[in-house]
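The residues making up each chain are set out below.
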Amino acid sequence: MAVTPFTQLACPLDGEPLQRDSNTWRCPQGHSFDVAKQGYVNLLPVQNKRSRDPGDSKAMMVARQEFLAAGFYQPIADAVADAVLNGADSSAALSCLDAGCGEGYYLRQLAAQSGAAHGSASQVLNLLGLDISKWAVQAAARQDKQVSWVVGNNANLPVLPGTLDRVLCMFGFPVYPEFLRVLKPGGKLLMVDAGADHLRELREIIYPTLKPARPPQAQPPAGFVEEELQQLRFSVHLPDTQQIQNLLIMTPHLYRASAEGRARAEQLTELTVTVDVRLSTLVKMRRDAEPNQQ
């Protein structure tokens, strides 16, 4: 399966189609966006930023990259790749967005696993990674030139309507109306969320007490039907202080924990943690395909 960059981007200012001309993306209204030297494009207008440097910091990106490169979350990546490719039409290109792609780990894993075992060599996989953090997108773009990398916001995806077959939301911030807008009829939203026991051993160290787990959403969001729910549960052994710190830094727990809790984590020399996540597959209802259809 050939991997190519997704190109059906939309201007973040007016929603018009963007066309690439050399190292610049332009819309019919004259708005232009330059491709950075690392190979990504920033489609996050200043007025849509809530802070000067939104999203994950450079330190968080480095920590996540080191942690994921060690293969601790490989079973999650494998399950997501299988879910993306499951049911794909071998005669048509498959377009996939990772909404909140971080440094691109899951899209790189998807590209690596989309070989002959999942389809013919002539099949095409069009990939787009988007994150609000410029540090994340820079890190992703440096590692893979087969993917379109974009700085953007899930609340205003710079993607043309009905152009995606798959959307990934990995431990992220889902904006269901936007996901619904950019998916084709019958397209799938794949979400990975933390389960009740996710990283329990680490949380028991950094917090005085654990809050009750948030129950999963009872009903699928408007416009979607649930196709499948997988529970992934396994243990990983973190062999040293650095990987324990990487895990803490790449999660929201770094900011939620007290100084005392973070200090306790810094004293650890090894730790075995439970990974407990839900992989939900939601399908866009076909009746929502075109608003002008009868």
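Look a little higher up for the structure.
## Some thoughts on helix H7 (residues 241-249)
For an α-helix the count is 3.6 residues per turn, leaving residues at separations of three or four pointing the same way.
And step 1. All of the buried residues along H7 are Gln243, Ile244, Gln245, Asn246, Leu247 and Leu248.
And step 2. Near the N-terminus of H7, the side chain that reaches the backbone nitrogen of Gln242, with its oxygen 3.3 Å away, is that of Asp240.

## Let's talk about the sheet that holds strand E2 (residues 19-21)
Hydrogen bonds between backbone atoms are what pair the strands of a sheet, whose relative direction is either parallel or antiparallel.
And step 1. Strand order in the open sheet made by the three strands is E2-E3-E4, with antiparallel pairing throughout. Two strands close off the open sheet at either side, each with one partner strand: E2 and strand E4 (32-34). Strand after strand, the sheet turns through a mean of 30° between neighbouring axes, direction not considered.
And step 2. Bridge count between strand E3 (residues 24-26) and E4: three bridges; the pairing is antiparallel.

## Quick look at the pattern of salt bridges
And step 1. Summed over the entire model, instances satisfying the criterion amount to ten salt bridges.
And step 2. For Arg108, the salt bridge identified is with Glu103, shortest N-O distance 2.9 Å.
And step 3. Accessibility expressed as a relative area gives 19% for Arg108, which makes it buried.
And step 4. Given a relative accessible area of 1%, Glu103 falls into the buried group.
And step 5. We note a salt bridge from Lys184 to Asp165, for which the minimum N-O separation is 3.3 Å. Pair noted here: Lys184 is in strand E10 (residues 183-194) and Asp165 is in strand E9 (residues 164-170), with a separation of 19 residues, a long-range link.
And step 6. A relative accessible area of 27% places Lys184 in the partly exposed class.
And step 7. Beyond isolated ion pairs, a larger network of salt bridges with shared partners links Asp197, Arg200, Glu204, Arg233 and Asp276.

Thresholds, definitions, all that
Residues numbered from 1 in each chain as written. Predicted model: local features only at pLDDT ≥ 70, side-chain atom pairs only at ≥ 80, totals over all residues. Heavy atoms only, no water. Buried < 20%, exposed > 50% of the residue type's maximum accessible area, 1.4 Å probe, protein only. Helix = DSSP H or I, 4+ residues; strand = E, 2+ residues; numbered from the N terminus. Polar contact = N/O pair within 3.5 Å; in protein donor to acceptor, adjacent residues only side chain to side chain. Pairing = 2+ DSSP bridges. Axes fitted to C-alpha atoms, helices over the stretch in contact; angles between N-to-C directions. Salt bridge = Lys/Arg side-chain N within 4 Å of Asp/Glu carboxyl O.

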